[in-house]
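Read off the chains here:
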Amino acid sequence: MRLIDNYVAAVGERLHVSRRSAVEAELRASILDAVEARGASPESEDDVVAVLEQLGSPERVAAEYEPQRGFLVGPELFPHMRRAGTIALGAILVGGAVFYGLGLLLGDLAEFRAGTLLAQTLGVVVRTLIVGTVVLVGVFAWLQRSEVWRPAAAEGARWDPRSLRGRAPSPRAPRFESAVTLVASAVVLLLLDGVGRTAREVGSQAAPALQALASDVVTAAVALQIALLLAFAANVAVVVKGRSFAWTRLLRFVADGVAVVVFVRAPFQLMQYRAALRDSGASDNVVNWLIANAFIVGGIVLTVVAVYWAREWRGGRNRVDPRAAGADATLHSLAMHILVLIVAGGCAAAPGTRSVAEGPTSASTAPSSGIVSPEVHADGRVTFRVHAPDATHAPKCGPGSNRK
Amino acid sequence: MTNGGREVTAPTEVIERLTLELRRGVVVLATLSQLDEPSYGYEFQQRLATQGMEIEQGTLYPLLRRLQEQGLLDEEWVVEGSRPRKYYRLTEAGRHARDVLRAQWDHLTAVLGALLSTTKGE
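Residues numbered from 1 in each chain as written. Chains lettered and ligands numbered in written order. Predicted model: local features only at pLDDT ≥ 70, side-chain atom pairs only at ≥ 80, totals over all residues. Heavy atoms only, no water.

1. Concerning the overall build of chain B
Along chain B, the regular secondary structure elements total 4 helices and 5 strands. Written out in order from the N terminus, the α and β elements of chain B read β-β-α-β-α-α-β-β-α. Within chain B, the proportion of its 122 residues that are buried is 32%. By sequence separation, contacts in chain B at least 24 residues apart represent 45% of the contacts at least 6 residues apart. With an accessible surface of roughly 8,100 Å², chain B has 55% of that area assigned to carbon and sulfur atoms. (Helix = DSSP H or I, 4+ residues; strand = E, 2+ residues; numbered from the N terminus. Buried < 20%, exposed > 50% of the residue type's maximum accessible area, 1.4 Å probe, protein only. Contact = heavy atoms within 4.5 Å. Areas by Shrake-Rupley, 256 points an atom, 1.4 Å probe, with all protein chains shown as cover.)

2. Some words on the interface of chain B and chain A
Taken together, the contact pairs 19 residues of chain B with 24 residues of chain A. Carbon and sulfur atoms supply 48% of the area buried between chain B and chain A, which totals about 1,800 Å² over both sides. When residues of chain B are sorted by the area they lose upon contact with chain A, Tyr42(B), Arg65(B) and Arg83(B) head the list and together hold 29% of the total. Summed over the shared surface of chain B and chain A, the number is 9 salt bridges. Across the salt bridge formed by Arg24(B) and Glu64(A), the nearest N and O atoms sit 3.0 Å from each other. Our count for the contact surface shared by chain B and chain A stands at 12 residue pairs in polar contact (both at pLDDT 80 or more). At the level of elements, α1 (12-33), α3 (57-69) and β5 (83-90) of chain B are the ones that each hand at least two residues to the side of chain B that touches chain A. Here the side of chain B that touches chain A takes 8 residues from α3(B), the largest share from any one element. (Buried area = accessible area lost by both parts, 1.4 Å probe. Salt bridge = Lys/Arg side-chain N within 4 Å of Asp/Glu carboxyl O. Polar contact = N/O pair within 3.5 Å; in protein donor to acceptor, adjacent residues only side chain to side chain.)

3. Looking at the packing of helix α4 (residues 58-65) of chain A against α3(B)
Two numbers describe how α4(A) lies on α3(B): the axes approach to 8 Å, and their chain directions differ by 25°. Viewed along their axes, α4(A) and α3(B) adopt a mutual orientation that is roughly parallel. Here α4(A) and α3(B) pass one another in a crossing that is right-handed. Mapping the contact onto sequence places Arg60(A), Val61(A), Glu64(A) and Tyr65(A) in α4(A) and Gly58(B), Thr59(B), Tyr61(B), Pro62(B), Arg65(B) and Arg66(B) in α3(B). For the contact of α4(A) with α3(B), the class distribution of residues is 4 nonpolar, 2 polar and 4 charged. (Axes fitted to C-alpha atoms, helices over the stretch in contact; angles between N-to-C directions. Parallel < 35°, antiparallel > 145°, perpendicular 65-115°, else oblique. Left-handed = near helix turned anticlockwise from the far one by under 90°. Nonpolar A, V, L, I, M, F, W, Y, C, P; charged D, E, K, R; others polar.)

4. A short note on the packing of aromatic side chains
Evaluated as defined, the whole model comprises 2 aromatic pairs over all chains. Where Phe268(A) meets Phe295(A), the ring centres are 5.3 Å apart and the plane angle is 80°; that geometry is what we call edge-to-face. Note that Phe268(A) is positioned in helix α9 (residues 246-272) and Phe295(A) in helix α11 (residues 284-318), a separation of 27 residues in sequence. Considering the side-chain rings of Tyr40(B) and Tyr87(B), the 5.4 Å spacing of their centres and the 75° angle between planes classify their relative orientation as edge-to-face. Pair noted here: Tyr40(B) is in strand β3 (residues 39-40) and Tyr87(B) is in strand β5, with a separation of 47 residues, a long-range link. Tyr87(B) gets classed as buried once you look at its relative accessible area, which sits at 16%. (Phe/Tyr/Trp six-rings, centres within 6.5 Å; stacked < 30°, edge-to-face > 60°.)

5. Some thoughts on helix α2 (residues 41-50) of chain B
Residue pairs spaced three or four apart in an α-helix point in one direction, given the helix's 3.6 residues per turn. All names here are of chain B. Along α2, the residues that are buried comprise Gly 41, Tyr 42, Phe 44, Gln 45 and Leu 48. The arc that holds every buried residue of α2, seen down its axis, measures 165°, which confines them to one face. Looking one or two places after α2, you find Gly 52, whose phi comes out positive at around 95°. (Arc of directions from axis to C-beta.)

6. Points about the pattern of salt bridges
Within the structure shown, the criterion is met by 19 salt bridges over all chains. One salt bridge in this structure joins Arg60(A) and Glu64(A), with 3.5 Å as the shortest N-O distance. Taken together, the residues Arg60(A) and Glu64(A), both in helix α4 and 4 residues apart, mark about one turn of the helix. Grouping residues by exposure puts Arg60(A) and Glu64(A) together as buried. In this structure, Asp36(B) engages Arg98(B) in a salt bridge whose closest nitrogen and oxygen atoms are separated by 2.8 Å. Of this pair, Asp36(B) sits in the loop between α1 and β3 while Arg98(B) sits in helix α4 (residues 92-117); the two residues are 62 residues apart in sequence, bridging distant segments of the chain. Residue classification places Asp36(B) among the partly exposed positions, given a relative accessible area of 29%. The network of salt bridges with common partners includes Arg19(A), Glu26(A), Arg65(B), Glu69(B), Glu75(B) and Lys86(B).

Interpretation in functional terms is not warranted from these geometric data alone.
Okay, here's the thing in structure tokens:
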């Protein structure tokens, strides 16, 4: 029975999702009929192997089911292209990680540049992926149309049904929800990009004590963008294939891990900058409000992720309805997106954020002291005011005055 | 066949491919001709085989599905014992298609019979 399941799954995964389950059902019924006609049971491996060999390789049968589709790369060659693509993807990601690691080690560590370096690395990786994909698809499309190489399966050569890898039935995920999640990902990515840019801009003008905080915000935004891209890739696969796979779950797991680290660290980082925030003019109430909210958000993120993965771990062992897992994954993904959206939106729209970050060096109104400086009067006089509650004297210097 | 005393034969794989293409054209008519009564995949394949029309299962099952998607066949799942089976049967459109194809077949066999009778080399 395991061989039949593997075979049906191998054919099904090569078919368009709209007809997959119907074809899988009728193929399974036909295989069982053929096994029964031999006077054997589905547990008899030799008989099942004989029937499957007679049917033909999964690639060939899948191609028969969809002959009218204009394949760029047909079902016979597609598994080979996928294997080559997986190897190339691994090589590119490892290369990117090495590039990033060497850049950190050899770069000037005195200056904070991990975020910039990460952005550069991602840029290189994305460009390489695009070029690599075009080259890979081009090569296989040419092979598909040439007589240079034909896979053995296409020639009706013998194949071994026992060689099919066992696959647990993949959880089917609702495609609509995954598509909605993709849109949410795109929105949040744009918003995070805005947050990162604002933090960079504000950080360059901020008081020295707050520059480190701005750098941390940039790093957190970049980390969340990476997490979103990983979740984005997983959701694209779910939308295209109509089911989730081990690697899509792995991507979601990594993305969740990054989100948890970012959000759980945030309140502790804010506590480190408490003094700097106060010195920059933020009142105790504002600072405490920020820290308390960061703790709440961190707690919610941690709870959502922990509950989801605990259910996933338990469900993976004794799941009855695989569709439920897909729905869970999508709901969880949506919940995380909405949370990030709220936080990022809150950061971007928080009133006074910019002025607090810029601190007293700015020629604007300090929110806590109510000081206006400079003030231009109607008669042309200009008044400069300085907030210095601990000052004991105010020396004057300039043209016409004696320096004291 | 000889060319200058030298034996010339077409490559086996070319012959196999041409034969396959020739058969592909007739399996649709063969299938439509036998589905006035409902039948399920494996039983239908065996019925054709006993009449000398061997069609691989990996070719026949997808063909049945395609014909059903084109509206030429009706499908119905029937549970017999503990096993569900999918039965196919000709629709009205399927009968019409069969009649048209049959007329084409009769015409083609007549024309080809005449053409082949004038072929040299036999």
